[in-house]
Amino acid sequence: MEALINILTISIPVIALSWLLPERWQMIPTVVATALFLAWISPISLAILTFTTLSGYYTIKLYPSLTTAILVVIIQMTAIFLYFKLEYAVESSLLRNSILPLGISYYSFRQIHYAIEAYKQQLPKHTITDYISYLFFLPTILIGPINRFPPFLKDLKRRRWDSTLFSLGLERILYGLAKITIIGNWLLVFKLNNYIFSIQAEHPWLADYLRVVKYVGNAYVQFAGYSDVAIGLSMLLGFKITENFNFPFLASNIADFWRRWHISLSEWCRDYVFYPFLGISRNAVFSIMMSMLVLGAWHEISLRFLLWGGMHAVAISIWHKYEGSLAHQKISGFPNFQKGLGILITIHFVMFSFVLTMEDTIWESIELYKRLFFI
């Protein structure tokens, strides 16, 4: 929350300057503010982002072989991402295991996206300044969304003052802050947590169930709230950044859930993991599994997140099999019942899958599963 408040505070003069300065200088305040914010909060992240931005752009631009250049950039970004995610830093060195460069999960995937689109020759004409403006974009540096370069460049070139968009941006920021502070911090973390504590002795199963509800619900409102603030700040700067959540707990099946939850990441995995693996293997189940494992590893490279990703891959594969079955065809004759049952099953599957990530160890998660399922 402190980092978010800092970004909002820094953004006030940045937004003013971005509209008051001459057009060719209007993105400079945003880039400078992003660099200063990273220098203050996470200097190692500023160093990585600066190096990879320049090396990635000029490798693709100047290297004789485009294919080799793209591979160099992707391998470079993947290696840096894995290094910090795997916590390979030596305990006695300056890079302690506890340090994870701020925003690396987001800007590394943006740069891989840029490299792949360059290989496909899908990038519009642009300059190094445009690319720097894209990567050093303050609203999305902290917690996404993983916005794409072509839409960003389109907004950058067509950017004009729009009072309606500015007003919508302010509303979106307030909406996001309300999610974080009122629903997340006060209602779920404070009030619900106190209620859980009060019933723990007499109703242990209900307490465990509500603890899962609290964990998943708070994860959603915090993440969605931060995304709302990022989208709102982008609007104040004249940009329409991709949505990241679309009422995911109203999804009627698990495939629909992933079209609504962390949309920018799930679409990234679809375009850059699922489709390539499907093209190579011609096996949809294998491609889904690889996509969800990458998605799990994006959060944390650990057994619990890999199991979580694998669980969702199995569920998506089962759903697609069921979707073409006679049973699904018959129940489709009762659309309201089908939708209600689908929402109920999906939300509980999602909640129970997060048990793997909410506890400190796999064994603690297993113990919680035993209590929840009366084993």
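Whatever comes next refers back to the structure up there.
Right, let's walk through the structure included here. (Residues numbered from 1 in each chain as written. Predicted model: local features only at pLDDT ≥ 70, side-chain atom pairs only at ≥ 80, totals over all residues. Heavy atoms only, no water.)

**Some details on the overall build of the chain**
Counting secondary structure elements, the chain contains 18 helices and zero strands. Against the compact-globule benchmark of 21 Å for 375 residues, the chain has a radius of gyration of 22 Å, which places it among compact chains. Across its three principal directions, the C-alpha atoms of the chain cover 65 × 55 × 50 Å. The buried share of the chain, taken over its 375 residues, is 49%. Taking contacts inside the chain between residues at least 6 apart in sequence as the whole, the part at least 24 apart equals 70%. Per element, the accessible surface of the chain, about 19,000 Å² overall, is 68% carbon and sulfur. Positive and negative side-chain charges in the chain, numbering 29 and 22 respectively, have mean positions lying 8 Å apart. (Helix = DSSP H or I, 4+ residues; strand = E, 2+ residues; numbered from the N terminus. Rg over C-alpha atoms; globule rule 2.2 N^0.38 Å. Buried < 20%, exposed > 50% of the residue type's maximum accessible area, 1.4 Å probe, protein only. Contact = heavy atoms within 4.5 Å. Areas by Shrake-Rupley, 256 points an atom, 1.4 Å probe, with all protein chains shown as cover. Lys, Arg positive; Asp, Glu negative; His and termini not counted. Charge placed at Lys NZ, Arg CZ, Asp CG, Glu CD.)

**A look at helix 5 (residues 104–119)**
With 16 residues, helix 5 ought to run about 22 Å at 1.5 Å a step, and its terminal C-alpha atoms sit 22 Å apart, in line with that. Burial of helix 5 is extensive: 15 of the 16 residues sit out of reach of the surface. Downstream of helix 5 by one or two residues, Q121 has phi in the positive range, about 55°. (Expected span 1.5 Å × (residues − 1).)

**Brief notes about the pattern of salt bridges**
Enumeration according to the criterion identifies 15 salt bridges in this entry. The residue D256 makes a salt bridge to R259 at a minimum N-O spacing of 4.0 Å. Using a relative accessible area of 13% as the deciding quantity, one classes D256 as buried. Classification of R259 as exposed rests on a relative accessible area of 54%. (Salt bridge = Lys/Arg side-chain N within 4 Å of Asp/Glu carboxyl O.)

**Observations concerning a nonpolar patch on the surface**
A cluster of nonpolar residues, I182, I183, W186, L187 and F190, forms a patch on the protein surface that exposes about 480 Å² of accessible area. Looking at the element boundaries, L187 is found in helix 9 (residues 163–199). (Patch = residues over 30% accessible without salt bridge, like charges linked within 9 Å, V, L, I, M, F, W, Y side chains within 5 Å.)

**Quick look at the packing of helix 12 (residues 263–281) against helix 13 (residues 284–299)**
Here helix 12 crosses helix 13 at 145°, and the two axes come no closer than 8 Å. Regarding helix 12 and helix 13, the two cross each other, and that crossing is right-handed. Counted together, L265, S266, W268, C269, V273, F274, F277, L278 and S281 of helix 12 and A284, F286, S287, I288, M290, S291, V294, L295, W298 and H299 of helix 13 form the full contact between these two elements. Its residues placed into classes, the contact of helix 12 with helix 13 shows 14 nonpolar, five polar and no charged. (Axes fitted to C-alpha atoms, helices over the stretch in contact; angles between N-to-C directions. Left-handed = near helix turned anticlockwise from the far one by under 90°. Nonpolar A, V, L, I, M, F, W, Y, C, P; charged D, E, K, R; others polar.)

**As for the side chain of S287**
Within the secondary structure layout, S287 lies in helix 13. Setting aside residues no more than four positions away along its own chain, S287 makes contact with F274, F277, L278 and S281.

**Notes on the environment of V355**
Following the sequence through the fold, V355 ends up in helix 17 (residues 355–358). Relative accessible area serves as the criterion here: at 0%, V355 is assigned to the buried category. A sequence separation of 116 residues divides V355 from F239, and the C-alpha atoms of the two residues are 37 Å apart. If sequence neighbours within four positions are ignored, V355 has contacts with V212, S365, L368, Y369 and L372.

**Brief notes about the packing of helix 4 (residues 66–85) against helix 5**
Contact geometry of helix 4 with helix 5 gives a least axis separation of 9 Å together with a crossing angle of 165°. The orientation of helix 4 with respect to helix 5, classified from their angle, is roughly antiparallel. Remark: the crossing between helix 4 and helix 5 carries left-handed chirality. For the pair helix 4 and helix 5, contact is made by L66, T67, I70, V73, I74, M77, T78, I80, F81, F84 and K85 and by I104, S105, S108, F109, Q111, I112, A115, I116, A118 and Y119, respectively. Here the residues of the contact of helix 4 with helix 5 sort into 15 nonpolar, five polar and one charged. (Parallel < 35°, antiparallel > 145°, perpendicular 65-115°, else oblique.)

**With respect to the environment of I331**
With respect to the element layout, I331 can be found in helix 15 (residues 326–331). Sequence-distant contacts of I331, defined by excluding residues within four places in its chain, comprise Y322, F337, Q338 and L341.

**Focus: the packing of aromatic side chains**
Scanning the model with the defined rule gives 40 aromatic pairs in all. Where F249 meets W261, the ring centres are 5.9 Å apart and the plane angle is 65°; that geometry is what we call edge-to-face. Placement of F249 in the loop between helix 10 (204–236) and helix 11 (254–258) and of W261 in the loop between helix 11 and helix 12 is noted, with a sequence separation of twelve residues between them. Like F249, the residue W261 is buried in the burial classification. Three or more aromatic residues joined by ring pairs make a cluster, and in this case those are Y215, Y220, F223, F245, F249, F257, W258, W261, F305, W308 and F354. A cation over an aromatic ring shows up here: R159 above the ring of W19, its NZ or CZ 4.0 Å from the ring centre. (Phe/Tyr/Trp six-rings, centres within 6.5 Å; stacked < 30°, edge-to-face > 60°. Lys NZ or Arg CZ within 6 Å of the ring centre and 35° of its normal.)

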